[in-house]
Amino acid sequence: MLFFSKKKPTLAELIPENFTDIHSHLLPGIDDGSKTFEQTLLMMMSLKYIGFSAFITTPHIIQHVWNNTTEIINNTQDRTLLDLRNSKFTSPFRAAAEYFMDDNFNKLVETRDLLTIKDNYVLVEMSYMNAPIQLYTILFDLQVAGYIPVLAHPERYLFYHNNLSEYHKLKKAGCKFQLNLLAVTGYYGNQVASVAEKLLMGGLYDFVGSDVHHEKHIDSFNEKVKIKDLTPLKEVIKNNEFFAFE
Ligand SMILES: [Fe+2]
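Residues numbered from 1 in each chain as written. Predicted model: local features only at pLDDT ≥ 70, side-chain atom pairs only at ≥ 80, totals over all residues. Heavy atoms only, no water.

Asker: Can you walk me through the nonpolar core in this structure?
Answerer: One broad trend across soluble globular proteins is that nonpolar side chains are buried collectively. Ranked by internal contacts, the top residues of the largest apolar core, which has 80 residues, are Y99, F105 and F221. The dominant element in this core, judged by the number of residues it contributes, is helix α2 (residues 37–50), at six residues. Leaving out residues up to four positions away in the same chain, F221 has contacts with T10, L11, A12, I15, I50, F52, L181, L182, S210 and V212. (Core = buried A, V, L, I, M, F, W, Y, C linked by side-chain atoms within 4.5 Å. Buried < 20%, exposed > 50% of the residue type's maximum accessible area, 1.4 Å probe, protein only. Helix = DSSP H or I, 4+ residues; strand = E, 2+ residues; numbered from the N terminus. Contact = heavy atoms within 4.5 Å.)

Printed below as a string of structure tokens:
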């Protein structure tokens, strides 16, 4: 008797045509992502080959680290769009931001000076070591101001790994969850992959993102997907159709 084990697909194989990405660092020279327009163009061509058809890129805004502003991001977006057109690269491309939940972020919420990934959806992140003391106040104030928080890569916050009930608490507090796609290949380690699998099986994710910063991230889309049940992953990837734009 022969036993057939189902072959695991690569992450790239799970990316549908017309995939809209909502998290990346493709604007040149303003964070720890792409350094030059040439690098941006090469990365976008590689991503397009995998199936990415529209790009909402999200440079970091982190006080004292990446002091980006709405104006800096918009200006860099406009220049990049021109350069892309001149290079005959026509995929839809626009910029929002990935906001670190710090004091500066609170001020931006107060003045409603936030770049959104769509409508009132705001991509937020926090330290991998600990949550901000006022986390739930920040999330509350953000929603009172009319925004919907989308928490980037919840699977990467190590301090939640032994306390999965915290994830349910965050969802109850109004957070949407964005899975980093590379997590399911083991790119960030086995523990992150295992937490991502649990969150997928629990139906906690809303959307996915590539969070690509450089070529190594893109190359890793050729790694096999480690998780057992692909159904919830495929469903969450499909949810990104919500963000499609021309
Ligand atoms: Fe990111």
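Asker: Is there a simple way to think about the pattern of salt bridges in this case?
Answerer: Taken as a whole and assessed by the stated rule, the structure comprises two salt bridges. The closest approach of N and O atoms between D206 and K171, which form a salt bridge, is 2.7 Å. Taken together, the positions of D206 in the loop between α7 (190–201) and β9 (207–209) and K171 in helix α6 (residues 165–172) put the pair 35 residues apart, joining distant regions of the chain. Residue K238 is joined to E241 by a salt bridge in which the shortest nitrogen-to-oxygen separation is 3.2 Å. Like K238, the residue E241 is exposed in the burial classification. (Salt bridge = Lys/Arg side-chain N within 4 Å of Asp/Glu carboxyl O.)

Asker: How should the coordination of the iron ion be read in this particular structure?
Answerer: Ideal values differ by geometry: the angle at a metal is 109.5 degrees with four tetrahedral donors, but 90 or 180 degrees with six octahedral donors. Protein-derived coordination of the iron ion comes from H23 (NE2), H25 (NE2), E98 (OE) and D211 (OD), at a distance range of 2.0 to 2.3 Å. The site at the iron ion holds four donor atoms, and with the angles between them running 81 to 171 degrees, its shape is irregular. (Donors = N, O, S within 2.8 Å, 3.2 Å for Na, K, Ca; no water. Tetrahedral: all angles 85-135°; square planar, octahedral: opposite > 155°, others 65-115°.)

Asker: Can you walk me through the environment of M201 in this structure?
Answerer: When you line up the elements, M201 lands in helix α7. Linking M201 and L181, residues 20 residues apart in sequence, is a C-alpha distance of 15 Å.

Asker: Help me out: how do you make sense of the sheet that holds strand β5 (residues 98–100) in this one?
Answerer: Whenever strands of a sheet pair, they do so through backbone hydrogen bonds, lying parallel or antiparallel. Read across the open sheet, the six strands follow the order β3-β5-β6-β7-β8-β9; overall the sheet is parallel. Both edges of this open sheet fall to β3 (60–61) and β9, since each of them pairs with a single strand only. Where strand β6 (residues 121–125) and strand β7 (residues 148–152) come together, four bridges link them in parallel fashion. What sits directly across from Y121, in β7, is I148. (Pairing = 2+ DSSP bridges.)

Asker: Mind showing me how you'd approach the packing of aromatic side chains here?
Answerer: For any pair of aromatic rings, the description consists of the separation of the ring centres together with the inter-plane angle of the planes. This model, assessed by the stated rule, comprises 17 aromatic pairs. Ring plane angle 80 degrees and centroid distance 6.1 Å describe the contact between Y121 and F243, whose orientation is recorded as edge-to-face. Taken as a pair, Y121 in strand β6 and F243 in the segment after α9 (231–239) lie far apart in primary sequence, 122 residues in all. Neither Y121 nor F243 differs from the other in exposure class; each is buried. What links up through ring pairs into an aromatic cluster is the set Y128, Y157, F159, Y160, Y167 and F177. We note K48 situated over the ring of F89; from NZ or CZ to the ring centre the distance is 5.4 Å. Lying over the aromatic face of F177, K171 brings its terminal NZ or CZ to 5.1 Å of the ring centre. (Phe/Tyr/Trp six-rings, centres within 6.5 Å; stacked < 30°, edge-to-face > 60°. Lys NZ or Arg CZ within 6 Å of the ring centre and 35° of its normal.)

Asker: Whenever I open this one, the sheet that holds strand β4 (residues 93–95) confuses me. Can you help?
Answerer: If you walk across this open sheet you meet the three strands as β1-β2-β4, and the pairing is parallel. Only two strands of the sheet have a single neighbouring strand rather than two, namely β1 (19–21) and β4. Strand-to-strand twist of the sheet, defined as the mean angle between neighbouring strand axes without regard to direction, takes the value 15 degrees. The pairing of β1 with strand β2 (residues 52–57) spans three bridges and is classified as parallel. Of the residues in β2, the one forming a bridge with T20 is A54. Those strands touched by α2 are β2 and β4, and its axis lies near 135 degrees from that of β2. (Axes fitted to C-alpha atoms, helices over the stretch in contact; angles between N-to-C directions.)

Asker: Help me understand α9 in this model?
Answerer: Residues separated by three or four positions in an α-helix point in the same direction, a consequence of the helix having 3.6 residues per turn. Turning to α9, its buried residues are P232, L233, V236 and I237. Down the axis, α9 shows its buried residues gathered within 140 degrees of arc, on one side only. Contacts made by the buried residues of α9 are with α1 (11–14), β1, β8 (176–180), α7 and β9. (Arc of directions from axis to C-beta.)

Asker: What am I meant to see in the side chain of T20 here?
Answerer: If you trace the backbone, T20 turns up in strand β1. On the basis of relative accessibility, which here comes to 3%, the residue T20 falls in the buried class. Those residues within four positions of T20 in sequence are excluded, and the remaining contacts are A54, I56, N240, F243 and A244.

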